[in-house]
Amino acid sequence: MEHLPLTSPATAAASLSPSQGAGKVLDAYKTALATAASAAAYAVMARSMARELLPDELRAAARWCAAAARARFGRGDKERHTVVIRHQFDAGYSENHLFDAARAYLATRIDPRAMRRLCLARSRTKEPDGSGRWNTLLCMEPGGSTVDVFDGVEFTWACVETGGDDKKKGGKGGGGGNPRESLELSFDAEHTDMALERYVPFVMSTAEQLQLRDRALRIFMNEGRSWHGINHHHPATFETLAMDPALKQSVVDDLDRFLKRRDYYRRIGKAWKRGYLLYGPPGTGKSSLVAAMANYLRFNLYDLDLSEVRLNSALQKLLIHMPNKSMLVIEDIDCCFDDAAASRKAVKAPELVDDLGMDPDYTSDSSDDNWAQQPGVAPTKTKGITLSGLLNFIDGLWSTCGEERIIVFTTNYKDRLDPALLRPGRMDMHVYMGYCGWEAFKTLARNYFLVDDHKMFPEIKELLSAVEATPAEVSEMLLRSEDVDVALRILAEFLREKRRRTRKETEGRETEDKKDAAEDKEEVAEKDV
């Protein structure tokens with residue numbers, strides 16, 4: 001078999017004349033440059049088309065796959081940038097909060113099974129009431145590293161130790177006497193903007209949410225012009241709350257939407273707050289819903305007793321001292337301003353009203369505490385706080401003195417409230433807490449006895465549809481025995497008795513109505529005679 005002769009590049013070049021060899025090399029370089037330019041142009045065009053045509057989720061998945069491939073087969077010679085996060089900025093300066101936030105964030109990303117060396121820290125937090133709780137934190141030891149993937153981009157965290165020996169050895173480093181720990185965040189240079197503008201803020205916000213989740217909630221009460229708080233251990237959650245599932249989910253969705261709308265509220269020029277009115281008969285779970293909202297948001301509660309507040313100025317000082325991420329609760333709001341309308345009418349001069357042709361029953365929801373007085377008439381002083389003073393904080397100029405606040409009013413009688421309280425912007429969501437329905441009962445049965453079905457369920461379902469029983473009443477019956485059969489029999493008997501009383505009351509009302517109708521008919525007949 002004949003073989004083609006092999007000629008090396010050096011031999012081929014030697015066989016050409018100098019001018020021919022130089023020309024061939026120049027043409028080869030030109031061809032290579034043209035090919036590289038074309039490839040770069042196609043790459044730029046493909047990248048632009050991908051940005052315009054591919055959805056964000058698909059591009060993020062592609063970046064994630066590329067990062068995984070680089071981690072598996074090697075990173076190549078890409079330029080890397082490193083951000084150093086020190087525990088302190090410099091000697092004498094305050095602590096770097098980003099360092100603490102990054103450590104808290106990394107504690108949720110570290111896999112103990114994949115790390116050869118870890119630092120395990122446990123600290124006991126003592127609460128003002130004397131109770132305490134243990135906190136556990138996993139940290140990297142100096143020399144350790146871990147990889148975190150954010151939006152398809154790989155970020156490498158490393159723990160290093162700086163300083164310490166420089167001063168002892170006579171060096172000029174600024175390390176000081178004791179070694180100091182710092183964190184290093186490394187990434188490809190092309191992702192610098194993402195790291196500083198998106199990833200680091202994400203780390204900070206995640207650490208803040210972790211801190212809110214782990215802290216002990218507190219409930220504050222007002223005494224004079226100050227707040228005094230104790231730990232709040234109410235166990236109510238949305239999972240254990242006995243209320244209509246659709247209504248419960250609507251409240252959760254509304255809270256989630258509120259938390260995500262900081263920039264939206266700023267853009268439209270409104271204070272970042274949300275108002276809820278919980279109304280319904282006593283014992284329907286209004287206070288439990290408030291506790292579930294606080295546990296879900298991890299917000300401290302501020303239970304405002306308006307009977308302890310003497311002046312509008314004192315009310316303002318109380319409310320402006322509430323921190324962000326808090327819930328203001330005013331229970332039984334219908335009982336707090338029984339004389340509000342009367343007080344606002346009392347300060348109006350009758351002559352002024354007549355001269356202006358105003359409706360005598362007109363009331364104002366203005367933020368002013370008193371109406372302008374007629375010249376020569378002594379002003380009438382209103383004792384205590386006024387409804388307008390409260391409204392000025394909820395929806396007036398004072399409403400912008402804090403951010404991310406929830407305001408909750410509760411009442412048993414919605415129809416007794418001043419219409420000024422009910423409009424959107426003050427009470428944005430009205431939640432009716434009604435009697436115990438079938439779905440609410442199933443939640444209670446699951447909470448108390450861990451059952452989703454029972455032979456007595458059909459009868460109880462029928463009884464609940466025939467009577468009005470509050471969740472508090474149903475809960476009381478279920479608490480009377482730890483045996484599910486006994487407890488459900490007690491509940492069924494309670495509901496049967498309630499149905500009998502309801503029927504008797506209905507029959508009695510019908511008898512009285514018939515009797516009244518007969519008497520009215522006799523009176524009419526006598527008048528005709």
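Because the structure is a prediction, the values reported are computed rather than measured. (Residues numbered from 1 in each chain as written. Predicted model: local features only at pLDDT ≥ 70, side-chain atom pairs only at ≥ 80, totals over all residues. Heavy atoms only, no water.)

Colleague: What is the right way to read the packing of aromatic side chains from this model?
Modeller: How two aromatic rings sit relative to each other is given by the distance of their centres and the angle of their planes. In this structure the tally under the stated criterion is 18 aromatic pairs. Centroid distance F150 to F202: 5.0 Å. Interplanar angle 35 degrees. Geometry classified as tilted. Of this pair, F150 sits in strand β4 (residues 145-150) while F202 is found in helix α6 (residues 192-214), placing the two residues 52 residues apart along the sequence. In this structure F150 comes out as buried when scored by relative accessible area, which is 14%. A ring pair is formed by W438 and F457, whose centres lie 5.6 Å apart and whose planes are at 90 degrees; its orientation type is edge-to-face. With W438 in helix α15 (residues 438-449) and F457 in helix α16 (residues 457-466), this pair connects stretches of sequence that are 19 residues apart. (Phe/Tyr/Trp six-rings, centres within 6.5 Å; stacked < 30°, edge-to-face > 60°. Helix = DSSP H or I, 4+ residues; strand = E, 2+ residues; numbered from the N terminus. Buried < 20%, exposed > 50% of the residue type's maximum accessible area, 1.4 Å probe, protein only.)

Colleague: Sorry if this is basic, but what is going on with a negative patch on the surface here?
Modeller: Judged by side-chain charge, E507, E510, E512, D513 and D516 come together as a negatively charged surface patch. Among the structural elements, E512 can be located in helix α18 (residues 484-528). (Patch = residues over 30% accessible without salt bridge, like charges linked within 9 Å, V, L, I, M, F, W, Y side chains within 5 Å. Areas by Shrake-Rupley, 256 points an atom, 1.4 Å probe, with all protein chains shown as cover. Salt bridge = Lys/Arg side-chain N within 4 Å of Asp/Glu carboxyl O. Lys, Arg positive; Asp, Glu negative; His and termini not counted. Charge placed at Lys NZ, Arg CZ, Asp CG, Glu CD.)

Colleague: Just checking my understanding: could you explain the environment of Y432 for this structure?
Modeller: Along the polypeptide, Y432 turns up in strand β13 (residues 429-432). Spatially, the C-alpha atoms of Y432 and N412 are 10.0 Å apart, while their sequence positions differ by 20 residues. Those residues in contact with Y432 that lie beyond four places of it in its chain are L247, Y279, G280 and P281. (Contact = heavy atoms within 4.5 Å.)

Colleague: Honestly, the sheet that holds strand β12 (residues 405-411) in this entry has me stumped. Any pointers?
Modeller: Pairing between sheet strands relies on hydrogen bonds along the backbone, with the strands arranged either parallel or antiparallel. In space, the 7 strands of this open sheet follow the order β8-β7-β10-β11-β12-β9-β13, with mixed pairing throughout. Because the sheet does not close on itself, it has two edges, and the strands there are β8 (226-231) and β13. Strand-to-strand twist of the sheet, defined as the mean angle between neighbouring strand axes without regard to direction, takes the value 25 degrees. In the sheet, strand β7 (residues 218-223) pairs with strand β10 (residues 300-303) via 3 bridges, with the strands oriented parallel. By the bridge assignment for β10, I219 is matched with L301. Packing of helix α9 (residues 286-297) onto the sheet brings it into contact with β9 (273-279), β10, β11 (326-330), β12 and β13, and relative to β12 it is tilted by some 170 degrees. (Pairing = 2+ DSSP bridges. Axes fitted to C-alpha atoms, helices over the stretch in contact; angles between N-to-C directions.)

Colleague: Help me understand the environment of R215 in this model?
Modeller: With respect to the secondary-structure elements, R215 resides in the loop between α6 and β7. Taking C-alpha positions, R215 is 8.1 Å from R298, a pair spaced 83 residues apart along the chain.

Colleague: Teacher, can you tell me more about helix α17 (residues 471-478) here?
Modeller: Because the α-helix completes a turn every 3.6 residues, residues three or four places apart line up on one side. Residues P471, V474, S475, M477 and L478 constitute the buried set of α17. Taken down its axis, α17 places every buried residue within 160 degrees of arc, on the same side. (Arc of directions from axis to C-beta.)

Colleague: Which parts of the structure should I look at to understand the packing of α15 against α16?
Modeller: If you want to describe how two helices pack, look at the angle between their axes and the distance between the axes. Contact geometry of α15 with α16 gives a least axis separation of 10 Å together with a crossing angle of 135 degrees. By the angle between their axes, α15 is oblique relative to α16. Relative to α16, the crossing made by α15 is right-handed. Where α15 approaches α16, its residues W438, F441 and A445 are matched on the opposing element by F457, I460, K461 and L464. Taken together, the residues of the contact of α15 with α16 sort by class into 6 nonpolar, no polar and 1 charged. (Parallel < 35°, antiparallel > 145°, perpendicular 65-115°, else oblique. Left-handed = near helix turned anticlockwise from the far one by under 90°. Nonpolar A, V, L, I, M, F, W, Y, C, P; charged D, E, K, R; others polar.)

Colleague: Please clarify how unusual backbone geometry should be interpreted in this entry.
Modeller: Even without being a glycine, R298 presents a positive backbone phi close to 60 degrees. One can find R298 in the loop between α9 and β10. The residue L450 is not glycine, and still its phi comes out positive at about 60 degrees. Among the secondary structure elements, L450 is positioned in the loop between α15 and α16.

Colleague: Looking at this model, I keep getting lost on the packing of helix α10 (residues 312-320) against helix α13 (residues 387-395). Mind explaining?
Modeller: One way to put it is that α10 packs onto α13 with a least axis distance of 9 Å and a crossing angle of 25 degrees. The angle between α10 and α13 falls in the class roughly parallel. For the element pair α10 and α13, the recorded crossing hand is right-handed. Note on element contacts: α13 touches α10 through G389, L390, N392 and F393, opposite N312, L315, Q316, L319 and I320. Here the contact of α10 with α13 is built from residues that sort into 5 nonpolar, 4 polar and no charged.

Colleague: It is not clear to me how the pairing of β11 should be interpreted in this structure. Could you clarify?
Modeller: Working note: regular strand, side chains alternate between the two faces of the sheet. Buried residues dominate β11, accounting for 5 of its 5 residues. A two-sided burial pattern is seen for β11, the buried positions comprising S326, L328 and I330 on one face and M327 and V329 on the other. One ladder, built from 4 bridges, connects β10 with β11; its direction is parallel. Note that in β11 the partner of Y302 across the bridge is L328. Considered for its hand, the β-α-β crossover made up of β10, α10 and β11 is right-handed. Looking at chain direction, β11 and β12 are connected through 5 bridges and run parallel. Bridge assignment links S326 to a residue of β12, and that residue is R405. (Right-handed = clockwise from strand over helix to strand, strands pointing away.)

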